[in-house]
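The primary structure of each chain is shown beneath.
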Amino acid sequence: NKAIVVLIGNNGTILTKHTGDLIESEFVEKLTDENKPNLTSFFTKAKGYHVYIMLDTIDQTYKKKTYPMMRKFDLERIAKRDLASDGDKEGLKNYILLKNHKKSNPLKKNSLKKVEASKSDCLFITSSKSENISMWLNFIYELPNRLIGIYMLPVECYNFFIKITKLDPKTSSPSVLKLKENNIFCLVIQTKTGGARQIVFSDSSIVFTRVVNYNFEEPNFVEKYSQDIYSTFEYLKRLYIDLSIQEFEVINILSEKASDEIMRTKNIE
């Protein structure tokens, strides 16, 4: 109910103070000695508010590693060991244990019987600790507010994505998005701090993310957008061989003008 989210991207930083349903936001292009006094006042007036840092930066990497099926305790121990062996000692990094792969009866394609876990997946996440991030961290460390943690925007969008798939925003009824054999979804969002970004999810986790450069004022914007979607689909075909274009759901959270142009495209697929 009381929190301050610091959204850091390559194009600036947004401070958002949440007080119940009330939200106050402030955009900071760059942290400087000149604006630090005003920013300090912003935080100290909300001394009891916890701080959450969210990274919307370009230099994030996501690597999935598959292990044999094992107990969660043993899997976490091995994942921590592999994370520690990473050569980047300065980067911000962590891991997420993904849902287990399932191996079903090959004689019955749609059968849910005789399903057993066959392997375990772990997603390793790394972000470089840029000078800008370091400056914000050093600044926040000196404040009276408690820093809860540092999070990656693409990863945290998963919970947001789940809410979108469950409800139709126009009717508050179950969404038109249907879970299929390959539950692959692409979320295209735009933020002032990080620009436009594609985030691809399966029904269990993030698959990958990438920043895409769009100028919504350009007349060929929709053409470039379509090319990017097809490129993403072709890449996913390597991971999900039987994925069809009809199964590939895309959710756009963009400006109204950009969304309208996309919806008017004559490309049926």
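Residues numbered from 1 in each chain as written. Predicted model: local features only at pLDDT ≥ 70, side-chain atom pairs only at ≥ 80, totals over all residues. Heavy atoms only, no water.

## Overview of the pattern of salt bridges
(1) Moving on: Summed over all chains, the structure comprises 12 salt bridges.
(2) Moving on: For Lys-17, the salt bridge identified is with Glu-24, shortest N-O distance 3.6 Å.
(3) Moving on: A relative accessible area of 13% means that Lys-17 is categorised as buried.
(4) Moving on: For Glu-24, a relative accessible area of 36% translates into the label partly exposed. (Salt bridge = Lys/Arg side-chain N within 4 Å of Asp/Glu carboxyl O. Buried < 20%, exposed > 50% of the residue type's maximum accessible area, 1.4 Å probe, protein only.)

## Focus on the packing of aromatic side chains
(1) Moving on: Tallying each qualifying case throughout the model produces 13 aromatic pairs.
(2) Moving on: Consider the rings of Phe-42 and Phe-43, whose centres lie 5.6 Å apart with planes at 80°: the pair is edge-to-face.
(3) Moving on: Residue class for Phe-43 comes out buried when judged on its relative accessible area of 0%.
(4) Moving on: Relative to Tyr-225, the ring of Phe-221 lies with its centre 6.3 Å away and its plane at 50°, an arrangement referred to as tilted. Separated by four residues within a single helix, Phe-221 and Tyr-225 lie in helix H5 (residues 221–239), roughly one turn from each other. Tyr-225 matches Phe-221 in its accessibility class, with the two residues each being buried.
(5) Moving on: Ring-pair connections join several aromatic residues into one group, and the members of that group are Phe-42, Phe-43, Trp-136 and Phe-139.
(6) Moving on: Just above the ring of Tyr-49 sits the side chain of Lys-17; from NZ or CZ to the centre is 5.8 Å.
(7) Moving on: Across from the ring centre of Phe-27, 4.3 Å away, lies the NZ or CZ of Lys-192, which sits over that ring. (Phe/Tyr/Trp six-rings, centres within 6.5 Å; stacked < 30°, edge-to-face > 60°. Helix = DSSP H or I, 4+ residues; strand = E, 2+ residues; numbered from the N terminus. Lys NZ or Arg CZ within 6 Å of the ring centre and 35° of its normal.)

## Side note on the sheet that holds strand E14 (residues 206–212)
Sheet strands associate in pairs through backbone hydrogen bonding, adopting either a parallel or an antiparallel arrangement.
(1) Moving on: Across the sheet, four strands lie side by side as E14-E13-E12-E15; this open sheet has mixed pairing. The open sheet has two free edges, formed respectively by E14 and strand E15 (249–253), since each of these has just one partner strand. Mean inter-strand twist for the sheet, computed between neighbouring axes without regard to direction, equals 15°.
(2) Moving on: As judged from the seven bridges shared by strand E12 (residues 185–191) and strand E13 (residues 195–201), these two strands associate in the antiparallel manner. Looking across to E13, one finds that Thr-191 is bridged to Gly-195.
(3) Moving on: Sitting on the sheet, helix H4 (residues 153–166) touches E12, E13, E14 and E15, and the angle it makes with E13 is about 70°.
(4) Moving on: Packed onto the sheet, H5 meets E12, E13, E14 and E15 and runs at close to 150° relative to E14. (Pairing = 2+ DSSP bridges. Axes fitted to C-alpha atoms, helices over the stretch in contact; angles between N-to-C directions. Contact = heavy atoms within 4.5 Å.)

## As for the environment of Leu-97
(1) Moving on: Inspection of the secondary structure assignment puts Leu-97 in strand E6 (residues 92–97).
(2) Moving on: The sequence separation of Leu-97 and Phe-124 amounts to 27 residues, and the corresponding C-alpha distance is 8.9 Å.
(3) Moving on: When near neighbours in sequence (up to four residues on either side) are disregarded, Leu-97 contacts Lys-72, Leu-75, Glu-76, Asp-121 and Cys-122.

## Brief notes about the sheet that holds strand E4 (residues 50–56)
(1) Moving on: Taken in spatial order, the five strands line up as E3-E2-E1-E4-E9 in an open sheet, and their pairing is mixed. Pairing within the sheet leaves two strands with one partner each, and these edge strands are strand E3 (22–28) and strand E9 (147–152). Within the sheet, the average angular offset between the axes of one strand and its neighbour, ignoring direction, is 15°.
(2) Moving on: Two elements, E4 and E9, share five bridges in a ladder whose sense is parallel. The residue of E9 that forms the bridge with Met-54 is Tyr-151.

## Re the pairing of strand E2 (residues 12–19)
(1) Moving on: Where burial is concerned, most of E2 is hidden: six out of the eight residues are buried.
(2) Moving on: Note: strand E1 (residues 2–9) against E2, eight bridges, orientation antiparallel. By the bridge assignment for E2, Val-6 is matched with Leu-15.
(3) Moving on: Pairing of E2 with E3, which is carried by seven bridges, proceeds in the antiparallel orientation. Residue Thr-16 lies in a different strand from E3, and its bridge partner there is Ser-25.
(4) Moving on: Hairpin geometry of E2 and E3 is characterised by an intervening segment of two residues between the two adjacent antiparallel strands and by a positive phi of about 60° at Gly-20.

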